[in-house]
Amino acid sequence: EAGVAQSPRYKIIEKRQSVAFWCNPISGHATLYWYQQILGQGPKLLIQFQNNGVVDDSQLPKDRFSAERLKGVDSTLKIQPAKLEDSAVYLCASSLNSEVSYEQYFGPGTRLTVT
Amino acid sequence: ILNVEQSPQSLHVQEGDSTNFTCSFPSSNFYALHWYRWETAKSPEALFVMTLNGDEKKKGRISATLNTKEGYSYLYIKGSQPEDSATYLCAFNTGNQFYFGTGTSLTVIP
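Residues numbered from 1 in each chain as written. Chains lettered and ligands numbered in written order. Predicted model: local features only at pLDDT ≥ 70, side-chain atom pairs only at ≥ 80, totals over all residues. Heavy atoms only, no water.

Q: Honestly, the nonpolar core in this entry has me stumped. Any pointers?
A: Considering soluble globular proteins, one finds that nonpolar side chains tend to be buried as a cluster. Core analysis: the largest hydrophobic core is formed by 24 residues, its most contacted members being Leu33(B), Trp35(B), Phe48(B), Leu75(B), Tyr88(B) and Leu106(B). Those elements that place two or more of their residues in this core are β2 (10-14), β3 (19-24), β4 (32-38), β5 (45-50), β7 (62-67), β8 (72-77), β9 (86-93) and β11 (104-109) of chain B. Ranked by size, the runner-up nonpolar core spans 21 residues in total, among them Val19(A), Leu32(A), Ala82(A) and Leu112(A). (Core = buried A, V, L, I, M, F, W, Y, C linked by side-chain atoms within 4.5 Å. Buried < 20%, exposed > 50% of the residue type's maximum accessible area, 1.4 Å probe, protein only. Helix = DSSP H or I, 4+ residues; strand = E, 2+ residues; numbered from the N terminus.)

In structure tokens, the structure reads:
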């Protein structure tokens, strides 16, 4: 079974530039999560999708971050414009459905550096 | 936002030593406690999901215990090997959301 795929794996941009990350969850997984992990902190949930609908985006900085999951499969996370404090690892995870007791399966993450 | 704490923040041990880490979490709104191992440049890998007070889980040389009444879980590694070097994350699951600790970074010195 293929795992959660993410790209790119690394990205370096200057502040005020835009960047987009892509995630392909495990086939058949209805729920998709984006997490932000800043160095020295634990992963923080940015947004949770159930199929193509948003379940929770309360911690997504909506003035600069956006995410979509148009067909209920792949998802993209965009930052526009980026700030220095956005430097972090962005993890995508998926699970079978929105019952959080189901295990979450993680991708390898995208490491973003904003200079 | 719930507070999940892990200690120590980092740990260096000699190959063959046994070691343990702690995850502390709120004693209310408990649904499950998850442990992950995260090696550099790889995906976090699920180790254990624990749901009942008193749960003990084991996978090879790694084991974990759970105390939901006092809000802590211990992860034990017996006879550490260099391949155990990783960050170990715990996540407190309320049934609606995961809250992650900051992780314990383990380095096993050959």
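Moving on from the model shown.
Q: Whenever I open this one, the interface of chain B and chain A confuses me. Can you help?
A: Many analyses report the size of an interface as the accessible area lost when the parts associate. Chain B puts 20 residues into the contact, and the matching count from chain A is 23 residues. Of the roughly 1600 Å² buried where chain B meets chain A, counting both sides, 56% is carbon and sulfur surface. Across the chain B-chain A interface, the total number found is zero salt bridges. Our enumeration of links across chain B and chain A arrives at six residue pairs in polar contact (both at pLDDT 80 or more). Where the side of chain B that touches chain A is concerned, the elements lending two or more residues are β4, β5, β9 and β10 (98-100) of chain B. (Contact = heavy atoms within 4.5 Å. Buried area = accessible area lost by both parts, 1.4 Å probe. Salt bridge = Lys/Arg side-chain N within 4 Å of Asp/Glu carboxyl O. Polar contact = N/O pair within 3.5 Å; in protein donor to acceptor, adjacent residues only side chain to side chain.)

Q: I'm lost on the sheet that holds strand β7 (residues 65-68) of chain A in this one. Help?
A: All names here are of chain A. Taking strand neighbours across the sheet as the criterion, the four strands line up as β1-β3-β8-β7 in an open arrangement whose pairing is antiparallel. Every other strand in the sheet has two partners, leaving β1 (5-7) and β7 as the edge strands with one partner each. When strand polarity is set aside, the average angle formed by the axes of neighbouring strands in this sheet is 15 degrees. Of the strand pairs in this sheet, β1 and strand β3 (residues 19-24) are connected by three bridges, and their pairing is antiparallel. If you follow Ser7 over to β3, its bridge partner there is Trp22. (Pairing = 2+ DSSP bridges. Axes fitted to C-alpha atoms, helices over the stretch in contact; angles between N-to-C directions.)

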